[in-house]
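# Structural description and commentary
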Amino acid sequence: MNRYSLWDSPWIPGLDLSGQPRKLSLRDALVQADQLREVFDPSPLIVGAVSRLLHAVLYRVFSPWNQKDWEGLWKSGKFCSRQLDEYGNIYANRFDLLNPERPFYQVPKEEGVKEHPISALALEAASGNNPTLFDHGKIEGQDWMPLDRAACYLVAHQSFAVGGGVSKPFNRMDSTLTKGILVQAAGRNLFESLLLNLIPLVYWERYVPSPHGNDCPFWEIDDPPEPERKGTIPRGPLHYLTWQSRRIYLCVDETKSNVVGCQIQQRYALPRTGEKIDPYKPYIKSDKEGWQPLKLDRERAVWRHSHVLLQRGQKIEGQGVSAPFLSEWLSQVQWLFRKKNNLPQIIDLNVAGLTTHPRRAAKIELWRREHLPIPAVFFTNEELVHILEQQLLKTAAYETHLYRTSLALAWALGERKSVPAVLPYIWTGKVSKENIKKSNSYRPIANSFGMVARFWPALEEPFRRLLHDLPVEEINSVSKSWNQSLRDVTRQSYYDVRDSMLYERNTYDVLSQIEQAFMGKLSKIYTSHGGEEVCENEEAN
């Protein structure tokens, strides 16, 4: 009988410490984690989902309940191959992708269920509503996929499946990682990265408790329950980390070495409780829906939320915002083990998320993955996090100014006679009642100019300097340099749009008047460090 167990067959894409690509089994990725740099794939979906699977195995094999258990793992410098092999001897067959009765992360083939092309398995491929999102190699139009790549996309699909669309036993619902921003820490090698994110199980009780003591990964459950439309409550963290959001079956060719199609239907859905369930996500509180994962903003960079990602404890929950518990855990690691363990001075936070179309839930617009190199001192120095927050708050005034200028420019170009009414808007953000409807009609044109869209990417490098300099340089000097960067990037974002219009007919007079107001207001913001209030009716915020 053909067998392809992900426990001992190579399928996980990674890099070794020299940067050379490797392909590893589950077992080898963990045993050799101290010799590997990272799990590496062009698709952030695969990286995130495979990392969660590795964590589930670590929790099952080593069961780190508290800080002492965690410290013992860290001091060892590598994961014990004997304990992993003991687990593999019992459960390796449960990881078999081709098992006719219990295929890994799948269900057996179902009669009468539509067979989709293999591209349907890769959420980021051009299929159905979605365009191609990553350079992931040949998928679109491909009629087969080798087993190792199919395994990657299978694991990713179970974690990131998007809700929307007709299915059975009920319509498709979002999976565990679909909504919100996922935050993961990265150390100097894969061993450190996995452990930094391996929050002791005692803290998981705040998110996914296991009151009956029957928590286990999905592959260990002998008699899985039937899905419920109202949602299925996870048994505990291992159950949650290996959540099966879809009934998937991989159709293979006669050689059983390539996947040529797949069946995909809805399986388990999480209950909508309005509670925080994932310690790796930041949340915001809604009056109607309770705690909801903080969503990715299409235009704003993820680093804009850095102060939220780094907050700890209950301090910001009263403001309707909750940081990922991972930040609290990293703070504890720094405080407790700094003097007696070799901890990294810089911890990279890998932040990933998606946006869906506002009117078509099943249509993915974009995925974003960013790396934030955070000096470890930020996890122990709350005053430093507060200073960072104050610096980031300055960006709001500059962004708002760009948005107002974009709208004023679109309005003025559309109605030359309206320039006298437009110029005060750049300064105050206020529009007379009789002009509100007219100004709103120009918002799509203003957005198309892309001033704000240019602003955030251009600030990435200055922001990295800010992170590096705040702990080691004089605060006033760093603040002044950051404010200068904000002014310069704002000005250049305007210039880029202005320059594209200089040679259009009859625009010079309008541009000169808009620019005079733009530069005057920019100078005022720069002088006051961006302390102006933002008008409530503005779409910029």
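Because the structure is predicted, anything quoted here is derived from the model rather than measured.

## Notes on the confidence of the model for the chain
Summarising the model, the chain shows a mean pLDDT of 88, and 91% of its residues fall at 70 or more. A low-confidence stretch, residues 126–138 (pLDDT under 50), is modelled with 36 contacts involving residues beyond four sequence positions or located in other chains. Counting contacts from residues 530–541, a segment whose pLDDT is below 50, to residues more than four positions away or on other chains yields 29 contacts.

## Some points on empty space enclosed by the protein
Applying the stated criterion across every chain yields a total of two cavities of 30 Å³ or more. Its boundaries defined by the atoms lining it, the largest cavity holds a volume of some 70 Å³. Residue lining of the largest cavity: P462, R465, L466, D469, V478, S481, W482 and S485, and that is the complete set. Residue composition of the lining of the largest cavity, by class: four nonpolar, two polar and two charged.

## Structural notes on the side chain of S245
You can see S245 is positioned in the loop between α8 (237–241) and β6 (246–252). On the basis of relative accessible area, S245 is assigned to the buried category, the value being 0%. Within polar-contact distance, the side chain of S245 engages the side chain of S175 at 3.4 Å. Those residues in contact with S245 that lie beyond four places of it in its chain are H157, Q158, A161, S175, Q265, Q266, R267 and Y268.

## Remarks on the packing of helix α11 (residues 382–414) against helix α17 (residues 475–499)
Relative to each other, α11 and α17 sit at 20°, their axes nearing to 10 Å. On the basis of the axis angle, α11 is roughly parallel to α17. Judged by the twist between their axes, the crossing of α11 over α17 is right-handed. Side by side, α11 and α17 meet where I387, Q391, L392, K394, T395, Y398, L402, T405 and L409 of the first sit next to I475, S479, W482, N483, L486, R487, T490, S493, Y494 and V497 of the second.

Conventions and cut-offs
- Residues numbered from 1 in each chain as written.
- Predicted model: local features only at pLDDT ≥ 70, side-chain atom pairs only at ≥ 80, totals over all residues.
- Heavy atoms only, no water.
- pLDDT = per-residue confidence, 0-100.
- Contact = heavy atoms within 4.5 Å.
- 1 Å grid on protein atoms, 1.4 Å probe; cavity = no way out; pocket = protein on both sides within 12 Å on 5 of 7 lines; lining within 4 Å.
- Points joined across faces, edges and corners; volume = space filled by probe spheres on them.
- Nonpolar A, V, L, I, M, F, W, Y, C, P; charged D, E, K, R; others polar.
- Helix = DSSP H or I, 4+ residues; strand = E, 2+ residues; numbered from the N terminus.
- Buried < 20%, exposed > 50% of the residue type's maximum accessible area, 1.4 Å probe, protein only.
- Polar contact = N/O pair within 3.5 Å; in protein donor to acceptor, adjacent residues only side chain to side chain.
- Axes fitted to C-alpha atoms, helices over the stretch in contact; angles between N-to-C directions.
- Parallel < 35°, antiparallel > 145°, perpendicular 65-115°, else oblique.
- Left-handed = near helix turned anticlockwise from the far one by under 90°.

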